[in-house]
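Each chain, letter by letter, is given below.
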Amino acid sequence: MEHVKRFQNGTVVVWYPIKSGRDTTEFVARMKMVGVTKLLACEVLLRDPEREPERLNGSGLLILNPPYLLKDDLDAYAKWLAGALGDGRRWGAKGRCWWVTPDVYKKWEGSNVPSDTV
């Protein structure tokens, strides 16, 4: 990813579709290998991706070098959006944000890494 090397201090936002849960996990893991030290992921799942993997079941954002307090704000928005748009009758929609690079969380927040980090 050439632009990551060129703009090391810039914020880059990558949108990705969520069809199956496996695809998302692999994508986030590959992005982590690029070497970015501040990497935040935020996902909204409207339906269970394992139930109908051919459908667009949600979407995510991968944010390289995010602003300091963005995680908490996006986490609240993701949960709200999942509740507002999700198919709650058959499956509970989910929204969450987590540090893909949990060492940043320790540095910025000065506490233990939360259990929802990758």
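For the structure on display, the rule yields two salt bridges. Across the pair Arg55 and Glu52 runs a salt bridge, and its minimum N-O distance is 3.6 Å. The partner of Asp75 in a salt bridge is Lys79, with the nearest N and O atoms 2.7 Å apart. With Asp75 and Lys79 both in helix α3 (residues 70-85) and four residues apart, the pair spans about one turn of that helix.

Once that is clear, we can look at the sheet that holds strand β1 (residues 12-18). Strands sit in the order β1-β3-β2-β4 across an open sheet of four strands; the sheet is antiparallel. With one partner strand each, in any of the chains shown, β1 and β4 (94-99) form the two edges of the open sheet. The sheet shows a mean angle of 15 degrees between the axes of neighbouring strands, direction not considered. Of the strand pairs in this sheet, strand β2 (residues 39-45) and strand β3 (residues 58-64) are connected by seven bridges, and their pairing is antiparallel. Its bridge partner being in β3, Glu43 is matched across the sheet by Gly60. Packed onto the sheet, α3 meets β2, β3 and β4 and runs at close to 165 degrees relative to β4.

Definitions and cut-offs
- Along each chain, numbering runs from 1 in the same order as the chain's sequence is written.
- Totals for whole chains, interfaces and linings use all residues, but because this is a predicted model, local features are given only for residues with pLDDT of at least 70 and pairs of side-chain atoms are given and counted only at 80 or more.
- The basis for the side-chain values is all heavy atoms of the structure; hydrogens and waters are excluded.
- Salt bridge, as used here: a side-chain nitrogen of Lys or Arg that lies within 4 Å of a carboxyl oxygen of Asp or Glu.
- Runs of H or I in DSSP of at least four residues are treated as helices and runs of E of at least two as strands, each being numbered from the N terminus.
- Strands are treated as partners if at least two bridges between them are detected by DSSP.
- Lines are fitted to the C-alpha atoms to define the axes, a helix being fitted only along its stretch in contact, and any angle between axes, read from their N-to-C directions, falls within 0 to 180 degrees.
- Whether two residues touch is decided by their heavy atoms; if any such pair falls within 4.5 Å, the residues are in contact.

By themselves, these are just geometric observations and shouldn't be taken as functional.
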